[in-house]
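Each chain, letter by letter, is given below.
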Amino acid sequence: MIKNHLEKTRFWQVKYKQNDYNPKLIFKDSKSKKDILFSLSFFLVMMAIEILFNQPFQKKIKIIHNNFYKKIFSKKFEKLERIEVNSFAFSFFLILQKLFEEEEKFKSYSQDLIQNTVYHWSYIEKVEKDFLNRYNSIKNLWAKNSELVLSRTYNSRIDLIFLLYKSFELGISNKSIIKKNISVLIFSVSKAQKEFRYDVLDEIRKRRIL
């Protein structure tokens, strides 16, 4: 089953890459609720990655997956993988929170969006073999933090940003540096949310399937 979904993900990304992932074309092709959720998940991945790229810790989450390296330095590698998965998860949760603010009905499809997002992300990062571990890790984080994501309060957003910051495991004790880092992170989250893909939502609304 997982192999079939990963193959579907590969086909989807190769097909629409040729058209620069044009939402108009993508959602015109969507014939069902399942299609729409799968396609939407790709754009959620892109917005989550945007948060990670626009902060000073990006080297922490761009890991070279080398099996030989993994065997020799297993403990260090496990930490790097944990940082990569957790930082992506909380970036994704922040984008999900924004999505739910714009269209509350998507809350009903949280589990589908999470699973589809991990399929797209795993293929993009070329770590399809780790799909199940990544999916289970993110699903566990969702179980612990879903109330924050589903909330529309400013405090819940700040809490998610703090959790994102902690996920980098920087180990810095200097308060002024921590404050500066968090300020940069808040800026990158705000930027990603201001640049939210409303064009994608517009195309979904036109379909009137959900």
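First things first, this report covers the structure right here in the doc. If you're wondering where the values come from, they're calculated on a predicted model, not measured in any experiment.

### Some details on the packing of helix α7 (residues 131-150) against helix α8 (residues 154-167)
Okay, so step 1: Where α7 meets α8, the closest approach of the two axes is 8 Å, and the angle between their N-to-C directions is 140 degrees. In terms of orientation, α7 and α8 fall into the oblique class. Where α7 crosses over α8, the handedness of that crossing is left-handed. Note on element contacts: α8 touches α7 through Ser156, Asp159, Leu160 and Leu163, opposite Asn145, Leu148 and Val149.

### Side note on the nonpolar core
Okay, so step 1: Core analysis: the biggest nonpolar cluster contains 58 residues, and Phe93, Leu96, Leu99 and Phe106 have the highest contact counts within it.
Okay, so step 2: With 13 residues, helix α3 (residues 33-53) is the single largest residue contributor to this core.
Okay, so step 3: Residues within four places of Phe93 in sequence aside, it is in contact with Ile138, Leu141, Trp142, Val149 and Leu160.

### Notes on the pattern of salt bridges
Okay, so step 1: Under the counting rule described, the total for this entry stands at 14 salt bridges.
Okay, so step 2: Lys24 is paired through a salt bridge with Glu203; the nearest N and O atoms lie 3.4 Å apart. Pair noted here: Lys24 is in helix α2 (residues 23-28) and Glu203 is in helix α10 (residues 198-207), with a separation of 179 residues, a long-range link.
Okay, so step 3: For Lys24, a relative accessible area of 48% translates into the label partly exposed.
Okay, so step 4: We note a salt bridge from Glu84 to Arg134, for which the minimum N-O separation is 2.9 Å. Linking Glu84 in helix α5 (residues 74-102) with Arg134 in helix α7, this pair joins segments that are 50 residues apart in sequence.
Okay, so step 5: Connected through shared salt-bridge partners, Lys24, Glu203 and Lys206 make up one network.

### Some words on unusual backbone geometry
Okay, so step 1: If you check the backbone angles, Glu169 has positive phi at about 50 degrees while not being a glycine.
Okay, so step 2: Mapped onto the secondary structure, Glu169 falls in the loop between α8 and α9 (175-194).
Okay, so step 3: Phi is positive for Arg208, close to 55 degrees, though the residue is something other than glycine.
Okay, so step 4: When you line up the elements, Arg208 lands in the segment after α10.

### A few points about the environment of Phe187
Okay, so step 1: Here Phe187 lies in helix α9.
Okay, so step 2: Residue Phe187 is classed as exposed on the basis of its relative accessible area, which comes to 55%.
Okay, so step 3: For the pair formed by Phe187 and Asn54, sequence separation is 133 residues and the distance between their alpha carbons is 8.7 Å.

### Description of the packing of aromatic side chains
Okay, so step 1: Enumeration according to the criterion identifies 15 aromatic pairs in this entry.
Okay, so step 2: Taking 6.2 Å as the distance between ring centres and 10 degrees as the angle between the ring planes, the aromatic pair formed by Phe88 and Phe92 counts as stacked. Here Phe88 and its partner Phe92 are both found in helix α5, 4 residues apart, which amounts to about one turn of the helix. No difference in accessibility class separates Phe88 from Phe92, as the two residues are buried.
Okay, so step 3: Lying across the ring of Phe38, Lys8 places its NZ or CZ 4.3 Å from the centre.
Okay, so step 4: Positioned above the aromatic ring of Tyr123 is the side chain of Lys126, whose terminal nitrogen or guanidinium carbon lies 3.8 Å from the ring centre.

Definitions and cut-offs
- Position numbers for residues start from 1 in each chain and track the written sequence from start to end.
- In keeping with the model being predicted, local features are shown solely for residues with a pLDDT of at least 70 and side-chain atom pairs are shown and tallied solely at 80 or more, while totals for entire chains, interfaces and linings include all residues.
- Only heavy atoms go into the side-chain values, all of them from the structure, while hydrogens and water stay out.
- Note on method: axes are straight lines fitted to C-alpha atoms, helices fitted across the in-contact stretch only, with angles between N-to-C directions ranging 0 to 180 degrees.
- Here a helix means four or more residues in a row that DSSP labels H or I, a strand means two or more in a row labelled E, and each is numbered from the N terminus.
- The cut-offs work like this: below 35 degrees is roughly parallel, past 145 is roughly antiparallel, 65 to 115 is roughly perpendicular, and the gaps in between are oblique.
- For any helix crossing, the convention is left-handed if the near helix is rotated counterclockwise from the far helix by under a right angle, and right-handed if that rotation is clockwise.
- By definition in these notes, contact holds between two residues if any of their heavy atoms fall within 4.5 Å.
- Residues belong to a common nonpolar core when they are buried Ala, Val, Leu, Ile, Met, Phe, Trp, Tyr or Cys residues joined through side-chain atoms within 4.5 Å.
- When a residue's accessible area, from a 1.4 Å probe over protein chains only, is under 20% of the maximum for its type it is buried; when over 50% it is exposed; and in between it is partly exposed.
- Any Lys or Arg side-chain nitrogen located within 4 Å of an Asp or Glu carboxyl oxygen qualifies as a salt bridge.
- In this scheme Phe, Tyr and Trp rings, the latter by its six-membered ring, pair at centre separations within 6.5 Å, and the angle between planes marks the pair as stacked below 30 degrees, edge-to-face above 60, and tilted otherwise.
- We count a charge as sitting over a ring when the NZ of a lysine or the CZ of an arginine lies within 6 Å of the ring centre and within 35 degrees of the ring normal.

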